[in-house]
Amino acid sequence: MIFELDKGNLMLAEREVLALARPKKHQLFNNILVCDADFDYSRLAFTKRVFEEIFVSDKIEEIDWEKYYEKDFSARSNITSKEKELAGIIWHSVKEPKVTLKNPTSEFWFFFHENKIVCGKKVYKRTEKFHLRRPDIRPGFFPVSVKPKLARVLINLSGVLKGKIWDPFCGTGGILLEAAMVDLETEGTDIDIHMVRAAKENFKHYKVEGTFSVADSRTTIKACDAIVTDPPYGRRASLKKVEIQSLYETFLENVYPHVDVVVIMAPNTLQFNSKYKHIFEAEDYVHGSLTRKIIILNK
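Computed from a predicted model, the values in this text were never measured in an experiment. (Residues numbered from 1 in each chain as written. Predicted model: local features only at pLDDT ≥ 70, side-chain atom pairs only at ≥ 80, totals over all residues. Heavy atoms only, no water.)

Colleague: What should I look at first to understand the overall build of the protein in this one?
Modeller: Secondary structure summary: the protein contains 7 helices and 14 strands in total. The principal-axis extents of the C-alpha atoms in the protein amount to approximately 70 × 35 × 35 Å. When burial is assessed residue by residue, the protein has 54% of its 299 residues classed as buried. Pairs at least 24 residues apart make up 67% of the contacts formed inside the protein by residues separated by at least 6 positions. Charged side chains of the protein number 46 positive and 42 negative; the gap between the two group centres comes to 4 Å. (Helix = DSSP H or I, 4+ residues; strand = E, 2+ residues; numbered from the N terminus. Buried < 20%, exposed > 50% of the residue type's maximum accessible area, 1.4 Å probe, protein only. Contact = heavy atoms within 4.5 Å. Lys, Arg positive; Asp, Glu negative; His and termini not counted. Charge placed at Lys NZ, Arg CZ, Asp CG, Glu CD.)

Next comes the structure, spelled out in structure tokens:
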């Protein structure tokens, strides 16, 4: 398959796909990722389109376009000046060609990158309206909540295709809301009862199921397939009179014997130790004084 990734954070976009696809090998051409994959592409947040692979080559291949053609077609490219020529190749290779530029049945894309051409037929385009779940329009609102698209990426980085996600610092439930949207089981705990109430309110508003309770992440264990979380830092952490590094390390020490995969966020200035192996790390710029690390921990 071919994945056209968002360019805003290529590291995260690539890893999101690879975490779910788990291919034996892959190729990346700028923002075009090629790999074997078989999962629900509608889960993806940082991928624009997905294509059935036709060829990856250093030249335009001689293809039986009749094999891929249905009803009508368009030819698209990352170099728009080539589209007319490419459409002509397909036109002369099918029995009853018909070009349709608006919503064609067969949409063929050609991506030119250095000495390679990646060609595929579109099978999926992202249309999900993440903005309808923005933190500021949810009934249970807290200003530092993770935005929905990033929350979905965090869920996908866990690699859990089916199972249960636990967020031990669930806040108003924004991360778990995205897990629920892709039909994963969810459980959230937080030391702040007001946050737990807000999370319940948000889940009720979006008509999804989740379990929430008040609990301390440093002593509580919940059965799950992975932890995905954004622990508090800044004012919220200081209000509980907990040193942030200690909070991270005590929490991870508590869950290590019971949970294999943890996807966690932290300020990029924070250093913490744990028994887990750091298998992936990327940064997400928030504003002038805050850039976050997104880390995948695994045993």
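Let's pick the thread back up.
Colleague: Honestly, the packing of helix H3 (residues 148-157) against helix H4 (residues 174-181) in this entry has me stumped. Any pointers?
Modeller: Look at H3 against H4: their axes get within 8 Å of each other, and the N-to-C directions meet at 70°. On the basis of the axis angle, H3 is roughly perpendicular to H4. Here the hand of the crossing between H3 and H4 comes out right-handed. For the pair H3 and H4, the contacting residues are Pro-148, Ala-151, Arg-152, Leu-154 and Ile-155 in the first and Gly-174, Ile-175, Glu-178, Ala-179 and Met-181 in the second. Along the lines of polarity and charge, the residues of the contact of H3 with H4 split into 7 nonpolar, 1 polar and 2 charged. (Axes fitted to C-alpha atoms, helices over the stretch in contact; angles between N-to-C directions. Parallel < 35°, antiparallel > 145°, perpendicular 65-115°, else oblique. Left-handed = near helix turned anticlockwise from the far one by under 90°. Nonpolar A, V, L, I, M, F, W, Y, C, P; charged D, E, K, R; others polar.)

Colleague: Which parts of the structure should I look at to understand a nonpolar patch on the surface?
Modeller: Taken together, Trp-91, Val-99 and Leu-101 make up a surface patch of nonpolar side chains, about 300 Å² in accessible area. Tracing the backbone through its elements, the reader meets Trp-91 in helix H2 (residues 83-91). In this structure Trp-91 comes out as partly exposed when scored by relative accessible area, which is 39%. (Patch = residues over 30% accessible without salt bridge, like charges linked within 9 Å, V, L, I, M, F, W, Y side chains within 5 Å. Areas by Shrake-Rupley, 256 points an atom, 1.4 Å probe, with all protein chains shown as cover. Salt bridge = Lys/Arg side-chain N within 4 Å of Asp/Glu carboxyl O.)

Colleague: Would you mind going over the side chain of Asp-190 with me for this structure?
Modeller: Considering the arrangement of structural elements, one finds Asp-190 in strand S9 (residues 185-190). Only 2.9 Å separates the side chain of Asp-190 from the backbone nitrogen of Asp-192, close enough to count as a polar contact. (Polar contact = N/O pair within 3.5 Å; in protein donor to acceptor, adjacent residues only side chain to side chain.)

Colleague: Looking at this structure, how should I read H3?
Modeller: Helical geometry note: an α-helix holds 3.6 residues per turn, so side chains three or four residues apart project in the same direction. Of all the 10 residues making up H3, 9 are buried; the element is thus mostly covered by neighbouring parts of the structure. Every buried residue belonging to H3 is among Pro-148, Leu-150, Ala-151, Arg-152, Val-153, Leu-154, Ile-155, Asn-156 and Leu-157, and all of these are buried. Just beyond H3, the residue with positive phi is Gly-159, at close to 75°.

Colleague: Teacher, can you tell me more about the packing of aromatic side chains here?
Modeller: Here the distance between the centres and the angle between the planes together describe a pair of aromatic rings. Using the criterion set out here, one finds 15 aromatic pairs in the structure. Between Phe-169 and Phe-251 the ring centres are 5.1 Å apart and the planes differ by 80°, which places this aromatic pair in the edge-to-face class. Separated by 82 residues along the polypeptide, Phe-169 in the loop between strand S8 (164-167) and H4 and Phe-251 in helix H7 (residues 244-255) bring together distant segments of the chain. A relative accessible area of 9% places Phe-169 in the buried class. Overall, the relative accessible area of 0% leaves Phe-251 in the buried class. One aromatic cluster is present, formed by Phe-55, Trp-65, Tyr-69, Phe-73, Phe-108 and Phe-110 through successive ring pairs. Over the ring of Tyr-256 we find Lys-299; its NZ or CZ atom is 5.0 Å from the centre of that ring. (Phe/Tyr/Trp six-rings, centres within 6.5 Å; stacked < 30°, edge-to-face > 60°. Lys NZ or Arg CZ within 6 Å of the ring centre and 35° of its normal.)

Colleague: Would you mind going over the pairing of strand S6 (residues 106-113) with me for this structure?
Modeller: Looking along a regular strand, one sees side chains alternate from face to face of the sheet. For S6, the buried fraction is high: 6 of the 8 residues fall into the buried class. Relative to S6, strand S5 (residues 73-77) runs parallel, the two sharing 5 bridges. By the bridge assignment for S6, Arg-76 is matched with Trp-109. Viewed along the sheet, the connection from S5 through H2 into S6 turns out left-handed. Counting the residues between successive antiparallel strands, the hairpin from S6 to strand S7 (residues 116-125) contains 2 residues, one of them, Glu-114, with a positive phi of roughly 50°. (Pairing = 2+ DSSP bridges. Right-handed = clockwise from strand over helix to strand, strands pointing away.)

Colleague: How should I be thinking about the pairing of strand S4 (residues 47-57) in this particular structure?
Modeller: Bridge analysis of strand S1 (residues 2-5) against S4 gives 4 bridges, and the strand direction is antiparallel. Its bridge partner lying in S4, Ile-2 is registered against Phe-51. Across 8 bridges, the pairing between S4 and S7 is antiparallel. In the strand pairing of S7, Ser-57 is matched with Ile-117.

Colleague: Got a minute to help me understand the environment of Pro-97 in this structure?
Modeller: As for its position among the elements, Pro-97 is in the loop between H2 and S6. The spacing of Pro-97 and Lys-129 is 32 residues in sequence and 34 Å in space, taken between C-alpha atoms. Setting aside its immediate chain neighbours within four residues, Pro-97 contacts Tyr-69, Phe-73 and Trp-91.

Colleague: Can you walk me through the sheet that holds strand S10 (residues 211-214) in this structure?
Modeller: Paired through their backbone hydrogen bonds, the strands of a sheet run either parallel or antiparallel. Ordered in space as S10-S9-S8-S11-S12-S14-S13, the 7 strands form an open sheet in which the pairing is mixed. Where the open sheet ends on each side, the last strands, each with one partner, are S10 and strand S13 (277-287). Across the sheet, the axes of successive neighbouring strands diverge by a mean angle of 20°, strand direction being ignored. Two elements, S9 and S10, share 4 bridges in a ladder whose sense is parallel. Each residue of the ladder has a partner; that of Gly-188, found in S10, is Phe-212. On top of the sheet, H4 reaches S8, S9, S10 and strand S11 (226-229); it is set at about 170° to S9, its chief contact.

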